[in-house]
Amino acid sequence: MVNPPAGPSIDGATPLSAEDLEQICAIIYRQSGMVFGETKRYYIERRVADLIAQRSSSSARDYINLLRADPRETELLINSFTVNETYFYREQHQLACLSNSILPDIIRSKGPGDRIRIWSMPCSSGEEPYSIAIWLLENWPLVDAYNIEITGSDIDTAILKQAVDGHYGQRSLSKIPTDILDRYFEAEKDQQRRLISDLRESVTFAQGNIVDRASIGQLGRFDVIFCRNLLIYFDEAAREVAARNIHELLYPGGYICLGHTESMSRISETFEPVRFPDAIVYRETKDK
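The model shown is predicted, which means the values in this text are computed figures rather than measured ones.

J.: Help me understand the packing of aromatic side chains in this model?
T.: Both the distance between ring centres and the angle between the ring planes are used here to describe each pair of aromatic rings. Evaluation of the coordinates by the stated rule reveals eight aromatic pairs. Ring centres 5.5 Å apart and planes at 75° place the aromatic pair Y89 and W135 in the edge-to-face group. Here the residue Y89 occupies a position in the loop between α4 (71–81) and α5 (92–106), and W135 occupies one in helix α6 (residues 127–139), the gap between them amounting to 46 residues. Ring plane angle 45° and centroid distance 5.9 Å describe the contact between Y255 and F276, whose orientation is recorded as tilted. Of this pair, Y255 sits in strand β8 (residues 250–258) while F276 sits in the loop between β9 (271–275) and β10 (280–284), placing them 21 residues apart in sequence. For the pair formed by Y255 and F276, the shared burial category is buried. What links up through ring pairs into an aromatic cluster is the set F88, Y130, Y168, F185 and F205. K110 extends its terminal NZ or CZ atom over the ring of Y251, reaching a point 5.9 Å from the ring centre. Between R117 and the ring centre of F222, over which it is positioned, the NZ or CZ distance is 4.2 Å.

J.: For this particular structure, what's the right way to read the nonpolar core?
T.: Residues I102, I118, L136 and F185 are the most contacted members of the largest nonpolar core, which totals 46 residues. Looking at this core, the element that brings in the most residues is α5, giving seven residues. Apart from residues no more than four positions distant in its own chain, I118 is found in contact with L98, I132, L136, I148, E149, I150, T151, F222, V224 and F226. By size, the runner-up hydrophobic cluster in this structure holds 45 residues, among which are V48, L77, I225 and L249.

J.: Help me understand the environment of E73, please; the structure alone is not making it clear to me.
T.: As for its placement among the helices and strands, E73 is situated in helix α4. The sequence separation of E73 and A163 amounts to 90 residues, and the corresponding C-alpha distance is 22 Å. Not counting residues within four places of it along the chain, the set of residues in contact with E73 comprises R55, Y63, L66 and L67.

J.: What's the story with the sheet that holds strand β5 (residues 193–195) in this structure? I'm lost.
T.: Whether parallel or antiparallel, the strands of a sheet pair through hydrogen bonds between backbone atoms. The strand order across the open sheet formed by three strands is β3-β5-β4, and the pairing between neighbours is antiparallel. Looking at the sheet topology across the chains shown, the edges are occupied by β3 (167–168) and β4 (185–187). Here two bridges tie β3 to β5, and the two strands are oriented antiparallel to one another. Looking at the pairing, Y168 lines up with R193 of β5.

Rules used throughout
Residues numbered from 1 in each chain as written. Predicted model: local features only at pLDDT ≥ 70, side-chain atom pairs only at ≥ 80, totals over all residues. Heavy atoms only, no water. Phe/Tyr/Trp six-rings, centres within 6.5 Å; stacked < 30°, edge-to-face > 60°. Helix = DSSP H or I, 4+ residues; strand = E, 2+ residues; numbered from the N terminus. Buried < 20%, exposed > 50% of the residue type's maximum accessible area, 1.4 Å probe, protein only. Lys NZ or Arg CZ within 6 Å of the ring centre and 35° of its normal. Core = buried A, V, L, I, M, F, W, Y, C linked by side-chain atoms within 4.5 Å. Contact = heavy atoms within 4.5 Å. Pairing = 2+ DSSP bridges.

That's the geometry; what it means functionally is another story.
Okay, structure coming up:
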């Protein structure tokens, strides 16, 4: 196949040939399950151009060879393609569903002091798992009666460091009521705030890739999984792998909360939709 002629340069870098673009997209797909292609050329070239410049590579071909030789470079590539748009109390109706319906159902088979495990994947810079912690403290009267463990994981190693540090700006905090903001966040300069240490220590963070069973297996199993607005970036094959991994990491009868445009029913038969007053979620249906 003859490649089309190169277009104008982007940020001083030579545009990717069709072959180079295909190979980089293949690396991203193998490592993350995210699907990119020709329709995202501009988006890809901008990010790859920055990475090539940082490595002083002489060409896209040299950079691709570096990706194949050094896993750390692949990690940085994946970090640059992850979407980290999030904020506290996002899709608040699912948090209400968690405290009003999901947890009351889960504790039917548990006793006081038993462990309840909740997983946020992808957790980005920590807004979602920390929102879960704050929401339960504020809205679930039985929060102190059970041993609640919240884990956040993401494929992006750089964003996980931000999550652990717990510094946030106005955009992330805009949906939190003022009284809750003052209770759980310490004021810093430039209208920044930092989550109080007790809350930061209440969430565990770990790198994980939902389509790589080995990378998430050590996390154990969970009663509830939040996996919102991730599957939309996958093709059918990657979604099936993700669904299988989620199924294996849920306790029997456990719940998964997806984004409002996502549906597990079209991906896997091992989950059934459950219509609660606050939200539609999915429940694991088969014993392991």
